[in-house]
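Observations on chain architecture
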Amino acid sequence: MRSTTSGTETHGDPDSAAATWFARLHGDDVSSRDRLDFQRWLEADPRHAQAWDGVRGSWNSLASLERDPRLAALRADALSAADHRPRRLDRRALGLAAASIVALAGGAVLGRRWLGGEKTTAPDEPVFSTAIGERSTFRLADNSVVTLGTDSALRVNHWGQERRLTLLRGQAFFQVAKDPSRPFIVAVADKSVTAVGTAFDVRMDPGKLSVTLVEGRVRIAGASPSGQRRVEMSAGSRFVAADRADWSIQPVDTAKESAWLGGRLVFDGEPLSAVVAEMNRFSERKLSVADPALAATPVSGVFKTGQIDAFVAALKTYGLAEVGHADANRVELVRPRA
């Protein structure tokens, strides 16, 4: 699996940085400048060398399992997150998976930031994950394609008469290979999304689940405030289930909602508070807005994920907001001076 970082700010975590360097150095376009920069990073801190040894150890562990049938879900095509063109997953790409698949690598260094301490993953049910600001695309054994969004994790469950995955956190976009004999099921908490040959987005937020259907049809089943329910969606709609509200399905602009796949966020008159919350999902450096009037200001535009400074510059250019305080971790937005 090859992970792609879009507009990601520099990781302070040596484990995350080591995994990023591993992917970069095993890419087809690695340059001499990349190798020089890596050497400088490696020598800058003893923790960097330790993290690097951990990633290499994970790669060696995974490489020894290449013929294990349990890797069927991993031994498939890797995709570039930028253009979604399939590429054969060779031994080098399996090495990239060692940086993110703890269960199969036997304790990779990235395991500590995977699932927030969760340790329920079966050893033969691989989990794919991304850090904040990252997105990663991979192909499953049935040729279905999955793209994970920022700070997300997905478990590939045992496959038999059905193809089942579990979204553990975050957001994922699924392009499902048609196989009417085996339904494709994404489990999310107490609900399930079932599809046969379709493309859809599933997102988990605190207290809310949303499903955006780009093409085809899906069936959603599970608990609701009015009891167990089952509904079917048509393309061009979004399903929302909140903890204390009944299910709803509304028409939606699927191109706008899927823009994150290309590293962009599109807003059309949303309040600044909502825009800030969405931008913060993709960045370690967070925006804040305390002024209620400013928070309600409508914002429209297309912004790159992870590019906090560019977003703030755009707000200043159009006279929507100014910076009250800024440091390495936070940017406070205030109303423009009169």
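Here is a short report on the structure shown in this document. Computed from a prediction, not measured in an experiment: that's the story for all the values here.

Overall, mixed pairing links the seven strands, which are arranged β4-β7-β8-β10-β11-β14-β15 in an open sheet. In the strand order of this sheet, the two ends are held by β4 (127–129) and β15 (227–234), each with one partner. Ignoring strand direction, the axes of neighbouring strands in this sheet form an average angle of 20°.

We now examine the sheet that holds strand β21 (residues 322–326). Taken in spatial order, the three strands of this open sheet run β19-β22-β21, and their pairing is mixed. In this open sheet, the two strands that pair with only one neighbour each are β19 (286–289) and β21. Averaged over all pairs of adjacent strands, the angle between strand axes in this sheet comes to 30°, irrespective of strand direction. Direction of pairing for β19 relative to strand β22 (residues 330–334): parallel, over a ladder of four bridges. Bridge pairing links S288 to E332 in β22. The sheet contacts of helix α7 (residues 272–280) involve β19 and β22, and relative to β19 the element is tilted by about 165°. Sitting on the sheet, helix α9 (residues 308–317) touches β19, β21 and β22, and the angle it makes with β22 is about 10°.

To continue, consider the packing of α7 against α9. Between two packed helices, both the angle of their axes relative to each other and the distance between the axes serve to describe the pair. Taken N-terminus to C-terminus, the directions of α7 and α9 make an angle of 160°; their axes are 11 Å apart at the nearest point. On the basis of the axis angle, α7 is roughly antiparallel to α9. Seen from above, α7 lies across α9 with right-handed handedness. Residues L272, V275 and M279 of α7 form the contact with α9, whose participating residues are I308, F311 and L315.

Most of strand β12 (residues 199–205) sits out of view: five of its seven residues are buried. In this structure, strand β9 (residues 171–175) lies alongside β12, joined through five bridges in antiparallel fashion. Residue F173 lies in a different strand from β12, and its bridge partner there is D201. In this structure, β12 lies alongside strand β13 (residues 208–215), joined through seven bridges in antiparallel fashion. The residue bridging D201 from the neighbouring strand is T212, located in β13.

This brings us to the nonpolar core. One finds F174, F200, V211 and F239 to be the most contacted residues of the largest nonpolar core, which totals 29 residues. By size, the runner-up hydrophobic cluster in this structure holds 23 residues, among which are F173, L272, L287 and A321.

Oppositely charged side chains are able to pair whenever their charged atoms sit close together. Per the stated rule, a full pass over the model turns up 17 salt bridges. D45 is the salt-bridge partner of R47, the closest N and O atoms lying 3.0 Å from each other. Assessed through its relative accessible area of 18%, D45 is described here as buried. With its nearest N and O atoms 3.2 Å apart, the salt bridge here joins D190 to K191. Residue class for K191 comes out buried when judged on its relative accessible area of 13%. Among the ionic contacts, a cluster of salt bridges with common partners joins R203, D205, E278 and R281.

In the structure shown here, the tally under the stated rule is seven aromatic pairs. When the ring of F174 is compared with that of F184, the centres are 5.9 Å apart and the planes differ by 65°; the resulting orientation is edge-to-face. With F174 in strand β9 and F184 in strand β10 (residues 184–188), this pair connects stretches of sequence that are 10 residues apart. One exposure class covers both F174 and F184, and it is buried. Ring geometry for F239 versus W247: centroids 5.1 Å apart, planes at 80°, classification edge-to-face. Of the two residues, F239 and W247, both sit in the buried class. Taken together through their ring pairs, the aromatic side chains of F174, F184 and F200 make up a single cluster.

Counting through the fold element by element, T212 comes out in strand β13. Since its relative accessible area comes to 5%, T212 is described here as buried. Once the C-alpha coordinates of T212 and S237 are considered, the two residues, 25 residues apart in sequence, prove to be 6.0 Å apart. Apart from the residues lying within four places of it in its own chain, the contact partners of T212 are A199, F200, D201, S237, R238, V252, T254 and E257.

Here strand β11 (residues 191–195) lies mainly inside the structure; five of its five residues are buried. Here β11 shows two buried faces, one formed by K191, V193 and A195 and the other by S192 and T194. Pairing between β10 and β11: five bridges, direction antiparallel. When the sheet's bridge partners are listed, V186 is paired in β11 with V193. For β11 and strand β14 (residues 217–224), the ladder comprises five bridges, and the chain directions are antiparallel. Bridge assignment links A195 to a residue of β14, and that residue is V218.

Conventions we followed
- Residues numbered from 1 in each chain as written.
- Predicted model: local features only at pLDDT ≥ 70, side-chain atom pairs only at ≥ 80, totals over all residues.
- Heavy atoms only, no water.
- Pairing = 2+ DSSP bridges.
- Helix = DSSP H or I, 4+ residues; strand = E, 2+ residues; numbered from the N terminus.
- Axes fitted to C-alpha atoms, helices over the stretch in contact; angles between N-to-C directions.
- Contact = heavy atoms within 4.5 Å.
- Parallel < 35°, antiparallel > 145°, perpendicular 65-115°, else oblique.
- Left-handed = near helix turned anticlockwise from the far one by under 90°.
- Buried < 20%, exposed > 50% of the residue type's maximum accessible area, 1.4 Å probe, protein only.
- Core = buried A, V, L, I, M, F, W, Y, C linked by side-chain atoms within 4.5 Å.
- Salt bridge = Lys/Arg side-chain N within 4 Å of Asp/Glu carboxyl O.
- Phe/Tyr/Trp six-rings, centres within 6.5 Å; stacked < 30°, edge-to-face > 60°.

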